[in-house]
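# Overview (structure and organization)
Residue-level listing of the chains:
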Amino acid sequence: MKEIASLTMKDIAAEMGVSVATVSRALKDSPRISKDMRQKIQQYAREHNFTPNVLAESLRRSKVQPMKVIGVIVPELVHYYFMTILKGIEEEAEARGYRIMVAQSGERYEKEVRLCQSFYENKVCGIIVSQAKDTQHYEHFQKLIDAGVPLVFYDRICTGVNASRVVVDDYTGAFNAVSHLIQTGCRRIAFFGSQMNLEIAKNRFNGYKDALLKHGLPFDDTLTRICDNRMDAEIITPSLFDGDYYPDAFFAVNDDTAIGILYTVKRMGLRVPEDISICGFTNGERAIACEPMLTTVEQRGVMVGEEAASILIGHVEGTIPLERAEKRVVRTRLILRGTTR
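Residues numbered from 1 in each chain as written. Predicted model: local features only at pLDDT ≥ 70, side-chain atom pairs only at ≥ 80, totals over all residues. Heavy atoms only, no water.

Summarising the element assignment, Ser130 is placed in the loop between strand S3 (126-129) and helix H7 (139-146). Within polar-contact distance, the side chain of Ser130 engages the backbone oxygen of Tyr154 at 3.2 Å. A polar atom in the side chain of Ser130 sits 3.4 Å from the backbone nitrogen of Arg156. Leave out the neighbours within four places in its chain, and Ser130 touches Ile73, Pro75, Phe82, Glu112, Tyr154, Asp155 and Arg156. (Helix = DSSP H or I, 4+ residues; strand = E, 2+ residues; numbered from the N terminus. Polar contact = N/O pair within 3.5 Å; in protein donor to acceptor, adjacent residues only side chain to side chain. Contact = heavy atoms within 4.5 Å.)

Turning our eyes to something else, we now look at the environment of Lys133. Mapped onto the secondary structure, Lys133 falls in the loop between S3 and H7. A relative accessible area of 26% means that Lys133 is categorised as partly exposed. Linking Lys133 and Ala287, residues 154 residues apart in sequence, is a C-alpha distance of 23 Å. Residues contacting Lys133, with those up to four places away along its chain left out, are Glu107, Arg156, Gln195, Asn197, Leu198 and Asp228. (Buried < 20%, exposed > 50% of the residue type's maximum accessible area, 1.4 Å probe, protein only.)

Strand pairing within a sheet occurs via backbone hydrogen bonds; the two strands may be parallel or antiparallel. Across the sheet, which stays open at both edges, the six strands sit in the order S2-S1-S3-S4-S5-S11 with parallel pairing between neighbours. The open sheet has two edge strands with one neighbour each: strand S2 (99-104) and strand S11 (327-330). Each adjacent strand pair in this sheet contributes to an overall mean axis angle of 15°, direction not counted. In this sheet, S3 lies alongside strand S1 (residues 69-74) in parallel orientation, the contact comprising four bridges. Across the sheet, Ile70 pairs through a bridge with Gly126, a residue of S3. Of the strands in this sheet, S1, S2 and S3 are in contact with helix H6 (residues 109-121), which crosses S1 at around 180°. Running at roughly 170° to strand S5 (residues 164-168), helix H12 (residues 301-317) makes contact with S1, S3, strand S4 (151-154), S5 and S11 of the sheet. (Pairing = 2+ DSSP bridges. Axes fitted to C-alpha atoms, helices over the stretch in contact; angles between N-to-C directions.)

Written out as structure tokens, the structure reads:
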């Protein structure tokens, strides 16, 4: 299988002692670059068989193209939040004359790498991606950027590469949720979160921790667990009630985990919210399908998708320079329902 651009603009820039932007302009024969430098860069590119992403380049030069396809990588299609983001991407893309090609990584790094390679080989005009949970190496993303492929991250962003991104304000959402729990009388608030290699996990944990400190409550690491799905929540939750001092509230990284906590504590004979308050993070359809209905942080996935598609198309069509990493934040809001006092 042909690898993503064996020679990149970054490689040429390093060899020539210039910026990537200079190489990009020289390959476009821009008069902003001296004739001598243009010829040197173009000759070097020819000699080393440099092949940029042809479709992306042609789309940036002309808005009239028969094939405008955006590759979208979703960690898992079963999650409500990712489906709402996908809805936003599709609606914005369709309105702008683009189609989308969707694939799921299944939360696997190896498959994510293969999908990036496949999208590149199929000459998509750009890629919108949320990284897999176990992704800790980012060469496949950097190769796309170096090859001139527009790349936009959403939700789970990669801090290891300089690329455009759209996120929700995870920190503020968590801070406000935990503050609400404290203001309604909770004092021992447990936190169920994802692995800390994910930026969203760090931000939500920091929001949780800072809310405790802001309201004069001590942070207790015995109340925190790595747990981000319903199945694990049903297994792990009882362990927090083994000692003499058990939690009076839970803040969970997503709604599925929160619902797992809810059903478990009810089976244990505890009342919600009288004995235990619970808050999730998503505001998916399941949040109103449980009893009592779930207090949660709304993420506004459709808006995230619309913003991601808008940035990607901006890169493709040249209204947003390819070398500029656009960063946008979508605000969250706390939705109060029956699982909190």
